[in-house]
Amino acid sequence: MAKKVIVLGGDGFCGWPTALHLSRHGYEIVIVDNLSRRKIDVDLGTNSLTPIASIETRIARWKKETGKEITFYNFDIAEEYHQLYSLISSFQPDSIIHFAEQRAAPYSMRDAKCKRYTVNNNLRATHNVLCAIAESQLDVHLVHLGTMGVYGYETTGITIPEGYLPVKVAKDDGTFVDFDILYPPGPGSVYHMTKTQDALFFYFYNKNNGIRITDLHQGNVWGTTTEETRLHEELINRFDYDGDYGTVLNRFLMQSAVGHPLTVYGTGGQTRPFIHIQDTVKCLRIAIENPPEHGERVKIFNQTTETYNVRNLAKKVSELTNAKIMYFRNPRVEAADNDFVVTREQFRALGLEPTTLSDGLLVEIAETAEKYKERCIMDKIICTSLWSQDQEVDAVGSELPVSA
Ligand SMILES: NC(=O)c1ccc[n+]([C@@H]2O[C@H](COP(=O)([O-])OP(=O)(O)OC[C@H]3O[C@@H](n4cnc5c(N)ncnc54)[C@H](O)[C@@H]3O)[C@@H](O)[C@H]2O)c1
């Protein structure tokens, strides 16, 4: 019998291609999504660079292309606990994948309304999922999409472990005791703060209720298409390029296609982890196929394949496309430069073969950024969220030499 998976947030950028990938690999998929991400586009007056079809059209197209059924429910998992609980109790999934959170750091810092929405939505969503699994008394494996940002982007001289830090602490009697503690949280935005709080919910429900949980600390996702979304234009994935939701590399690819200078904030010395969307969906399948044992603590994977600093990333895109690079005042409160060295052995050991920037950049530019560039709303490119009210964004930017 097919294994059953509920994909919470399955209409989103990571959730939709994951649902297709798992469906193609024989899983029975139910998507839950309240379509809040599409509504935020409307509120912000922006759009996906790619023309995404409605969720109903997407699912009907998938059935036509592959013969496989995906079921969809439209409800809010942060608000509608009883629908969530009833679904889990009746469908009896083997795994639940939880993507259903507000995921943009700049959006979470826009104003008090967005900060409060992000906290209310994300924390209540995560707690409702855990509470409903516990109440159902079913043996469900929960896989959550967390972020590398929980570690903080500070230079520490430490290779960041996969979630747990071994420490030696002096006891009162002068001898030493060894612990594995959750890596100290270092959130850089309200969004990241919700992810560090999620980790405590997981710790509690794992210890108290024995729920098997995998938390994936994912890097910045780039790219758009996967083997499954390429099957038909109505299956196309979303591509965010605006100042709130666009992730840095996809923004650079779009900017080079529309002839906008690449927008580097600050010195561009910020080092960030990256992963291609094709690898995201593979990691999700690996994670649900390798659940923790019963009684095992929360399993944490670092889900990233490469790290780059933003300046070098811009240079790489500029070398391929001849785009200019423009430096803007950084709207974030963060270190101007940082090192970020991270362990990522578990996915490799389980067989992940990464798509590197060198393999995938040109394909992305041709398949997506160039193809849909006419849809870009140019005045949505610059980030207008500020991390602190003392800051003022330099909306025009100042062109400096690449080596600045
Ligand atoms: N995109 C990235 O680069 C990236 C990087 C690291 C981690 N992540 C994590 O992966 C997850 C998915 O990210 P994404 O890029 O696919 O985001 P997304 O916004 O495209 O998708 C999230 C989906 O969840 C839905 N949703 C949100 N709140 C909901 C609620 N209360 N009830 C029902 N549905 C709800 C939205 O409508 C949306 O379709 C997020 O938790 C994010 O933190 C993403």
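Structure's up top.
The shown structure was predicted, so the numbers you read here are calculated from the model rather than taken from an experiment.

> Explain the packing of helix α1 (residues 15-24) against helix α9 (residues 277-289) here, please?
The contact between α1 and α9 brings their axes to 9 Å, and the two run at 55 degrees. It follows that α1 is oblique to α9 by the angle criterion. The handedness of the crossing between α1 and α9 comes out as right-handed. Note on element contacts: α9 touches α1 through Ile277, Val281, Lys282, Leu284, Arg285 and Ile288, opposite Pro17, Thr18, His21 and Leu22. Broken down by class, the residue content of the contact of α1 with α9 amounts to 6 nonpolar, 2 polar and 2 charged.

> Sorry if this is basic, but what is going on with the site of the ligand here?
Around the ligand, the surrounding shell holds 29 residues, and the nearest of these are Cys14, Asp33, Arg103, Tyr191 and Lys195. Contact between the ligand and Cys14: an oxygen atom at 2.7 Å from a main-chain N or O atom of the residue. A distance of 3.0 Å separates an oxygen atom of the ligand from a polar atom in the backbone of Arg37. Contributing elements (two or more residues each) for the shell around the ligand: α2 (36-44), β5 (141-147), α7 (190-209) and β9 (220-222). Grouping the constituent residues of the shell around the ligand by class yields 11 nonpolar, 10 polar and 8 charged.

> What am I meant to see in the pattern of salt bridges here?
Between side chains of opposite charge, a pair can form as their charged atoms come close. In this structure the tally under the stated criterion is 22 salt bridges. As a salt-bridge pair, Lys63 and Glu69 come within 3.3 Å of each other at their nearest N and O atoms. With relative accessibility at 36%, the residue Lys63 sits in the partly exposed group. Glu69 sits in the exposed class, given a relative accessible area of 56%. Residue Arg212 pairs with Asp139 through a salt bridge whose shortest N-O separation is 3.2 Å. A residue pair is termed long-range when its members are at least 10 positions apart, and Arg212 in strand β8 (residues 212-218) and Asp139 in the loop between α6 (112-136) and β5 qualify at 73 residues. The class of Asp139 is partly exposed, set by a relative accessible area of 44%. One salt-bridge network, held together by shared partners, links Arg37, Asp41, Arg103, Arg238 and Asp240.

> Sorry if this is basic, but what is going on with a nonpolar patch on the surface here?
There is a patch of nonpolar side chains on the surface, built from Val169, Phe179 and Ile181 and spanning about 240 Å² of accessible area. Here Ile181 lies in strand β7 (residues 176-182).

> Which parts of the structure should I look at to understand the nonpolar core?
Soluble globular proteins tend to bury their nonpolar side chains together. In terms of nonpolar packing, the biggest core is built from 36 residues, with Ile6 and Ile96 touching the most fellow members. Those elements giving two or more residues to this core turn out to be β1 (4-8), β2 (28-32), α4 (81-91), α6, β6 (164-170) and α7. Among all residues touching Ile6, those that are not within four sequence positions of it are Val30, Val32, Leu87, Ile88, Phe91, Pro93, Ser95, Ile96 and Ile97. One finds Val7, Ile55, Leu216 and Ile277 within the second-largest nonpolar core, a separate group that totals 34 residues.

The rules we used
Residues numbered from 1 in each chain as written. Predicted model: local features only at pLDDT ≥ 70, side-chain atom pairs only at ≥ 80, totals over all residues. Heavy atoms only, no water. Axes fitted to C-alpha atoms, helices over the stretch in contact; angles between N-to-C directions. Helix = DSSP H or I, 4+ residues; strand = E, 2+ residues; numbered from the N terminus. Parallel < 35°, antiparallel > 145°, perpendicular 65-115°, else oblique. Left-handed = near helix turned anticlockwise from the far one by under 90°. Contact = heavy atoms within 4.5 Å. Nonpolar A, V, L, I, M, F, W, Y, C, P; charged D, E, K, R; others polar. Near = heavy atom within 4 Å. Polar contact = N/O pair within 3.5 Å; in protein donor to acceptor, adjacent residues only side chain to side chain. Salt bridge = Lys/Arg side-chain N within 4 Å of Asp/Glu carboxyl O. Buried < 20%, exposed > 50% of the residue type's maximum accessible area, 1.4 Å probe, protein only. Patch = residues over 30% accessible without salt bridge, like charges linked within 9 Å, V, L, I, M, F, W, Y side chains within 5 Å. Areas by Shrake-Rupley, 256 points an atom, 1.4 Å probe, with all protein chains shown as cover. Core = buried A, V, L, I, M, F, W, Y, C linked by side-chain atoms within 4.5 Å.

Scope: geometric values only; no functional claims are made or implied.
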